[in-house]
Amino acid sequence: MKYISTRSKIKPINSAEAILQGLATDGGLFVPEKIPKVTIEEIGELQKKTYEQRAARLLGKYLTDYTEDELGECSELAYNWFDVTARVPIAVLIQDPKNPVAPVGNMELWHGPTSAFKDIALQMLPHLMRMALEKVGETKKILILVATSGDTGKAALAGFADVPQTKIMVFYPEDGVSKIQKLQMITQAGDNVNVTAVRGNFDDAQTGVKKIFGDKKIRSELEKLGVKLSSANSINWGRLVPQIVYYFSGYLELIQTNQIKLGDKINISVPTGNFGNILAAYYALRMGLPVKKLICASNMNNVLTEFFATGVYNRKREFFKTITPSMDILISSNLERLLYHESGGDFKQVNRYMTELNSLGKYKIDKPLKTRLDKIFHAEYVTEDETKDFIKRIYGSFKYLLDTHTAVSICALSKYRGKTKDLTPVLNAATASPYKFTSAVLTALEKPIDGLDDLAQLKLLNKVTNAKMPKNLAVLDAADILHKDVCDKDEMAQKVLEFAAK
Ligand SMILES: *Cc1c(COP(=O)(O)O)cnc(C)c1O
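Residues numbered from 1 in each chain as written. Predicted model: local features only at pLDDT ≥ 70, side-chain atom pairs only at ≥ 80, totals over all residues. Heavy atoms only, no water.

What follows deals with the nonpolar core. Membership of the largest hydrophobic core comes to 112 residues, with the highest contact counts inside it found for Leu-63, Tyr-247, Phe-308 and Leu-339. Formed jointly, this core draws a minimum of three residues from each of two domains, domain 1 (2–111 + 237–384) and domain 2 (122–233 + 481–501). Aside from chain neighbours lying at most four places away, what touches Leu-339 is Phe-307, Val-350, Tyr-353, Met-354, Tyr-363, Ile-365, Leu-369 and Leu-373. (Core = buried A, V, L, I, M, F, W, Y, C linked by side-chain atoms within 4.5 Å. Buried < 20%, exposed > 50% of the residue type's maximum accessible area, 1.4 Å probe, protein only. Domains from an automatic or database assignment. Contact = heavy atoms within 4.5 Å.)

The N-to-C vectors of helix 3 (residues 51–62) and helix 11 (residues 237–256) enclose an angle of 130 degrees; their axes lie 9 Å apart at closest approach. Regarding the angle of helix 3 to helix 11, the classification is oblique. The chirality of how helix 3 crosses helix 11 is right-handed. Contact residues: helix 3 offers Tyr-51, Arg-54, Ala-55, Leu-58, Leu-59 and Tyr-62, while helix 11 offers Trp-237, Val-241, Pro-242, Ile-244, Val-245, Tyr-246, Phe-248, Ser-249, Leu-252 and Glu-253. (Axes fitted to C-alpha atoms, helices over the stretch in contact; angles between N-to-C directions. Helix = DSSP H or I, 4+ residues; strand = E, 2+ residues; numbered from the N terminus. Parallel < 35°, antiparallel > 145°, perpendicular 65-115°, else oblique. Left-handed = near helix turned anticlockwise from the far one by under 90°.)

On to the domain arrangement of the chain. Domains assigned within the chain are domain 1 (2–111 + 237–384) and domain 2 (122–233 + 481–501). Each of domain 1 and domain 2 has a C-alpha centre, and these two points are 26 Å apart. In this assembly, 22 residues from domain 1 lie in contact with 20 residues from domain 2. Considering only the surface of domain 1 that becomes buried against domain 2, Leu-20, Cys-74 and Arg-239 emerge as the three largest contributors, covering 37% of it. If you look at where domain 1 meets domain 2, you find two salt bridges. (Buried area = accessible area lost by both parts, 1.4 Å probe. Salt bridge = Lys/Arg side-chain N within 4 Å of Asp/Glu carboxyl O.)

Okay, the pattern of salt bridges next. Counted by the stated rule, this structure contains 22 salt bridges. For Arg-130, the salt bridge goes to Glu-73, with nearest N and O atoms at 3.6 Å. Of this pair, Arg-130 sits in helix 6 (residues 125–135) while Glu-73 sits in helix 4 (residues 68–79), and the two are 57 residues apart along the sequence. For Glu-73, a relative accessible area of 38% puts it in the partly exposed group. Put simply, Asp-389 and Arg-393 hold a salt bridge, and the shortest N to O gap is 3.3 Å. With Asp-389 and Arg-393 both in helix 17 (residues 384–398) and four residues apart, this pair spans about one turn of that helix. A residue is classified by how much of its surface remains accessible, and Asp-389, at 34% relative accessible area, is partly exposed.

It is worth spelling out the site of the ligand at this point. Lys-118, Gly-273, Asn-274, Asn-277 and Thr-431 are the nearest of the 13 residues found near the ligand. Ser-326 places a polar side-chain atom, nitrogen or oxygen, 3.3 Å from an oxygen atom of the ligand. Burial of the ligand by the protein chains amounts to 96% of its free accessible area of 390 Å². Of the residues that constitute the shell around the ligand, the class distribution is four nonpolar, eight polar and one charged. (Near = heavy atom within 4 Å. Polar contact = N/O pair within 3.5 Å; in protein donor to acceptor, adjacent residues only side chain to side chain. Areas by Shrake-Rupley, 256 points an atom, 1.4 Å probe, with all protein chains shown as cover. Nonpolar A, V, L, I, M, F, W, Y, C, P; charged D, E, K, R; others polar.)

What follows deals with the sheet that holds strand 4 (residues 104–108). Taken in spatial order, the six strands line up as 3-4-14-9-10-13 in an open sheet, and their pairing is mixed. One side of each edge strand has no neighbouring strand; the edge strands of this open sheet are strand 3 (90–93) and strand 13 (377–381). Going across the sheet, the axis of each strand differs from the next one's by a mean of 25 degrees, ignoring polarity. Of the strand pairs in this sheet, strand 10 (residues 291–298) and strand 13 are connected by five bridges, and their pairing is parallel. (Pairing = 2+ DSSP bridges.)

Spatial strand order, 8-5-6-7-15: five strands in an open sheet with parallel pairing. Each end of this open sheet is capped by a strand with a single partner; those strands are strand 8 (227–230) and strand 15 (486–488). Averaged over all adjacent pairs, the angle separating strand axes in this sheet is 30 degrees, with direction ignored. Its contacts with the sheet place helix 9 (residues 202–214) against strand 5 (141–147), strand 6 (166–173), strand 7 (193–199) and strand 8, and it is angled at close to 150 degrees to strand 5.

The next subject is helix 18 (residues 404–420). Here helix 18 is 17 residues long and its end C-alpha atoms lie 24 Å apart, about the 24 Å a rise of 1.5 Å per residue gives. Of all 17 residues in helix 18, 12 are buried; the element is thus mostly enclosed. Looking at helix 18, one finds that the buried residues are Thr-404, His-405, Thr-406, Ala-407, Val-408, Ser-409, Ile-410, Cys-411, Ala-412, Leu-413, Tyr-416 and Arg-417. Positive backbone phi, at 60 degrees, marks Lys-421, one or two positions downstream of helix 18. (Expected span 1.5 Å × (residues − 1).)

Turning our eyes to something else, we now look at the environment of Asp-403. One can find Asp-403 in the loop between helix 17 and helix 18. Sequence separation of Asp-403 and Lys-217 is 186 residues, and the distance between their C-alpha atoms is 44 Å. Setting aside chain neighbours within four positions, we find Asp-403 in contact with Ile-391, Thr-431, Ala-432, Ser-433, Pro-434, Phe-437 and Val-441. Only 2.4 Å separates the side chain of Asp-403 from the side chain of Thr-406, close enough to count as a polar contact.

Set out below in structure tokens:
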């Protein structure tokens with residue numbers, strides 16, 4: 001399987017090279033030349049396998065320059081961290097007791113080391129990268145640079161810690177992350193990790209990192225130190241492809257729990273930000289997983305809801321800070337890959353849309369493309385009050401606690417079901433533990449949080465609901481602080497060079 005760009009005709013490359021490069025030289029994203037197929041019989045055979053084995057088998061369809069043994073090793077290393085044997089267990093909720101035939105399988109993607117679904121990709125990516133270095137004969141070290149507003153930083157740290165031939169450095173805004181997020185990062189162990197606070201906000205940290213990526217002088221100094229820069233953000237193919245696996249696995253769990261039979265169609269509902277997670281569901285569908293509709297759930301930043309309804313993508317709009325911060329995004333980068341595939345690989349058309357998005361802030365897709373998207377997608381957005389209301393209602397009905405992002409997609413699903421009367425069983429992507437968003441969850445449950453800091457809120461949520469607190473959060477209180485560095489934004493490059501030389 002070779003990889004090509006969404007924006008122009010480039011020389012096709014292997015997956016190892018695509019994973020190391022991250023972004024194509026023409027600014028486009030790497031996509032597989034063809035989407036591989038899986039038969040129903042093959043899906044059935046996966047039933048007997050562990051999550052790790054399912055991952056190795058399915059990744060093998062895309063990463064054909066890796067051997068089966070290599071992918072098996074990557075999966076074992078990536079997923080031995082998870083605190084449950086099923087890796088992505090599902091909790092079956094019967095949303096409407098009058099319609100028990102319409103279950104919702106809430107696929108808990110957050111049992112990894114940082115309690116967010118990003119672990120599933122970020123535990124795998126470092127191993128894929130390390131092997132990619134070997135394959136292309138690269139002897140330099142890779143230095144992953146991350147600017148974070150919270151969650152991605154910790155998930156990337158946990159993934160890259162102590163992975164050979166890699167280093168990772170995370171910059172976060174000194175006062176711009178929650179106390180829990182900060183503790184999660186500054187207690188990160190590992191010989192190859194660095195965490196530095198920046199005096200400034202997230203934009204300062206992000207701009208600083210982008211500057212370093214674009215600075216030829218720093219790059220050449222790093223070369224002399226035997227270090228190459230790379231990033232771990234969600235447009236890297238190596239971060240997307242591990243996400244396809246859990247949709248197959250969730251489908252098999254629905255069979256296991258007698259909700260569906262092999263071959264039955266399901267709908268999939270996903271709380272969406274950068275369009276990575278739902279795009280992985282789209283790949284699963286195109287590969288042959290029996291899926292009828294993909295439900296794209298947004299918060300008040302409803303640029304995608306409007307796009308799927310009208311065919312116009314318009315990023316020029318008010319930006320809202322919500323209780324679902326991981327979905328506060330106006331440019332959903334991975335949508336570009338969907339446009340490429342559904343336009344039949346028309347890179348000229350995709351290039352035109354992306355150019356217009358850049359210069360005018362919007363684009364409108366043509367009719368045939370819109371018609372094709374309509375067959376697969378349905379989009380809904382959810383307000384802040386509706387989100388909180390759903391947390392309360394689902395907790396009231398099932399004693400089952402949702403995080404805010406997961407509540408958005410369950411609420412969007414319920415709107416979809418109300419409008420269409422389509423009661424197909426659903427797999428819902430639960431993207432974070434409710435313990436990662438304690439203040440909003442407690443507020444939804446009408447528990448006062450005045451004067452309580454993050455750690456006190458964790459304990460209160462545990463007391464109120466008795467829901468199991470993830471181990472990594474439960475031990476935060478007592479963990480050693482390992483990273484105390486703080487710098488000004490114009491010192492970031494110097495810090496990178498110092499860490500690279502270590
Ligand atoms: C990142 C994230 C999302 C959005 O996922 P995308 O792949 O960016 O669409 C949703 N929920 C949580 C908790 C996240 O961390």
